[in-house]
Protein chains: 2
Amino acid sequence: MKKKSKVNIKDVAARAKVHPSSVSRVLNPKTRGMVSEEVAARVMRIAEEMGYSRSPLASGLRTGKSYTVGVVVPDLVNPLFPPIVRGIERVLSDHNYIAILADSDNNRLHEDAILKSMKVRAVDGLILATAHRKDKIVDQCIEEGIPLVLVNRTVDGRDVDSVTTDDAKGIQWAAEHLLELGHRNIAYLGGPTDTSTGNDRYQAFLRMMKASEIKSSRALVHNAKAFNEQAGYDGMMHLLEKGEAFSAVVVANDLLALGCLDALQERGLECPGDISITGFNDMPFMDRLQPALTTLRIPHTQIGREAARLLMAQINEPGRARVALKLDPELIVRGSTAAAGK
Amino acid sequence: MKKKSKVNIKDVAARAKVHPSSVSRVLNPKTRGMVSEEVAARVMRIAEEMGYSRSPLASGLRTGKSYTVGVVVPDLVNPLFPPIVRGIERVLSDHNYIAILADSDNNRLHEDAILKSMKVRAVDGLILATAHRKDKIVDQCIEEGIPLVLVNRTVDGRDVDSVTTDDAKGIQWAAEHLLELGHRNIAYLGGPTDTSTGNDRYQAFLRMMKASEIKSSRALVHNAKAFNEQAGYDGMMHLLEKGEAFSAVVVANDLLALGCLDALQERGLECPGDISITGFNDMPFMDRLQPALTTLRIPHTQIGREAARLLMAQINEPGRARVALKLDPELIVRGSTAAAGK
DNA sequence: GTGAAAGCGCTAACAC
DNA sequence: GTGTTAGCGCTTTCAC
């Protein structure tokens, strides 16, 4: 127990026989140039020797920065988010930033409270995975000039950094895969259209209906109220009750797809024998289902990494233009899709 | 855009016509008694009206507290941890604390770096899910007096707060379940014994071998090198190669169990027809496998909540005795276990 | 019970 | 290029 982290900038200054402000200048890359090479070298060596490390609290209080980034996810238990968070965290730690994590539980009130708490703690930026297409929280951050990056979902018509999967491509590839297997009567089960993921996937499917040989009618296009298993079950039941024949369903999310499988089983229908199903996300263990799920793998970790990079860039280059990054998913073909039977 | 969070303690003091220090006293529950009721009421009202909220950075700089807790997990992508983190986060936010999350990627070097970063940021306490039975990081925290709570795993012979599953009970219940199904030749596939989870489950199985009608030999007890699918596959192959007959395996972890299932399939053995399998953790979708996995459900969220509560208690009541909380798992019987056949 | 003054550790504006 | 000075927002002695 020799060197408690008690050593501060004054101690270093005293040992190096310079003023604390010189130490400060040396230790900040942006001001190091103001100081003679000789002093810089000495101070760095001594700081190292003494095991000095700057107090982010104190420096933050002075500069208004906290070297802290808020990360808000709607539901950490959804396997979609942990790898994203992990990617974010990796890149942040490379920049000596840390992530404050909050889970909004898909609840706007929680989101408000979280945002307040983040602001009070002077986070230097925010990464939100909770955005809706119209989103007050996002608007508020933009107005107040808080650096912001959206992940997974984005908002409508706002100039904001975002990193998402190319949802349209994903849906297109799923539909094309089914077409290649000979399916023509293809239904669509989507998610909430107040999220960009729900809406973009929905619009993509509608475009496919116009542009391809898909024969099914709008009656077989249905958007569920949530991205979960219950909504998937309900949605599939809804489609089955239309009475219009279909041999495949493009489903906008794996959890929805799981619900679909439950519904099929309950109705005594086989997948893929009677109906082929595609999902979206490639959650863990989807390869171990019976049948294994054909789905779109999204580059979770990369989404997180890119988001953190964009945020760092935004913080360090104030005038920087916003970018909406769309990363390609990958179609993973498994047992839940098969050639159109009859 | 009227009230940016710019309003500080001075502003409130001015409007309330008192000195900033009085405002400080009012706003801190522990010093509120020093102030007249009248002033207290007025200050609180005005602070509320002005939308004042204390800057944790500034107050932290003064008091040495940061209202921040570090949470370190070995792998956020392992479905075990997100619900724990979520439980932690919930309770912390009730106490106006926030969680700084870090993922050590099962890597000691990362852990060191993370610990350093946490200390520099003056976290008021740490919740670690990464502990090994002998753990330098844990020792270090204890020596330096950093409030600490271990989750999921604990350490050997140190007086430290911890919240774990009652691993021994879990293994006992799994074994008893198999015994009731008529199995007598029961193998055990465990995990790394340098973790308390690996060791406690292993010891529990050894006790069961002595105390029950289990007939198999020590040759059928094997500990894998890691808690993952590959290790499970290797471990099962190892057991099968012993040449000693068994009709069931108690497996110490779901991921290991998945690997076991792969090995069985490769060898043309059926589960549960030829060999019954039990897991541990009840990860998401384990009910959807073929066969669905009989396993022990862990009270993840509760583990997280209790850990956060213990940490808050430790921070607020310095002399408090340490407690090692063990929560019961729940045996979930599914298709991977069946009556002993032959 | 309340105000005054000092200072947590650091940085930025200003001198020299 | 370096030292001086002031102060970020808050809490905590210490007076009165």
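Just above sits the structure.
Residues numbered from 1 in each chain as written. Chains lettered and ligands numbered in written order. Predicted model: local features only at pLDDT ≥ 70, side-chain atom pairs only at ≥ 80, totals over all residues. Heavy atoms only, no water.

1. Comments concerning the nonpolar core
Within soluble globular proteins, side chains that are nonpolar generally end up buried alongside one another.
Okay, step 1: Counting residues in each nonpolar core, the largest one holds 154 residues, and the members touching the most others are A:V249, A:I277, B:M236, B:V249 and B:I277.
Okay, step 2: Excluding its chain neighbours within four sequence positions, the residues that come into contact with B:V249 are B:L178, B:A187, B:Y188, B:L189, B:M236, B:L239, B:I275, B:S276, B:I277 and B:T278. (Core = buried A, V, L, I, M, F, W, Y, C linked by side-chain atoms within 4.5 Å. Buried < 20%, exposed > 50% of the residue type's maximum accessible area, 1.4 Å probe, protein only. Contact = heavy atoms within 4.5 Å.)

2. Focus on the protein's contact with DNA strand C
Okay, step 1: Near DNA strand C lie 23 residues; those nearest to it are A:I9, A:S24, A:Y52, A:R62 and B:R62.
Okay, step 2: A:R62 places a polar side-chain atom, nitrogen or oxygen, 2.3 Å from a base oxygen of DNA strand C.
Okay, step 3: In this structure, B:H19 approaches DNA strand C through a main-chain N or O atom, which is 2.8 Å from a phosphate oxygen.
Okay, step 4: Of all the elements, helix α4 (residues 56-63) of chain A adds the most residues to the surface near DNA strand C, at 4 residues. (Near = heavy atom within 4 Å. Polar contact = N/O pair within 3.5 Å; in protein donor to acceptor, adjacent residues only side chain to side chain. Helix = DSSP H or I, 4+ residues; strand = E, 2+ residues; numbered from the N terminus.)

3. Focus on the protein's contact with DNA strand D
Okay, step 1: Of all residues adjacent to DNA strand D, which total 23 residues, the nearest are A:H19, A:R62, B:I9, B:Y52 and B:R62.
Okay, step 2: The sugar and phosphate moieties of DNA strand D supply 57% of its atoms located within 4 Å of the protein.
Okay, step 3: B:S55 has a polar backbone atom sitting 3.3 Å from a phosphate oxygen of DNA strand D.
Okay, step 4: Contact distances for DNA strand D include 3.1 Å between a base nitrogen and a backbone N or O atom of B:A58.
Okay, step 5: Residue assignment for the surface near DNA strand D shows that the elements contributing at least two residues are α2 (20-27) and α4 of chain A together with α2 (20-27) and α4 (56-63) of chain B.

4. Notes on the relation of the copies chain B and chain A
Okay, step 1: The two copies are related by a screw motion: chain B maps onto chain A through a turn of 180 degrees and a shift of 0.1 Å along the axis, at an RMSD of 0.2 Å. Here the two chains are linked by the operation of a two-fold rotation axis.
Okay, step 2: Most of the interface of chain B is mirrored in chain A, where 100% of its interface residues are also at the interface. (Least-squares fit on C-alpha atoms with pLDDT ≥ 70 in both.)

5. A word on the pairing of strand β8 (residues 248-251) of chain A
All names here are of chain A.
Okay, step 1: Here β8 shows no split at all, with A248 and V250 on one side and V249 and V251 on the other all buried.
Okay, step 2: Here strand β6 (residues 186-190) runs beside β8; their pairing, made up of 4 bridges, is parallel. Bridging from a neighbouring strand, A187 pairs with V249 of β8.
Okay, step 3: With helix α11 (residues 254-266) bridging β8 and the parallel strand β9 (residues 276-278), this β-α-β connection has right-handed handedness. (Pairing = 2+ DSSP bridges. Right-handed = clockwise from strand over helix to strand, strands pointing away.)

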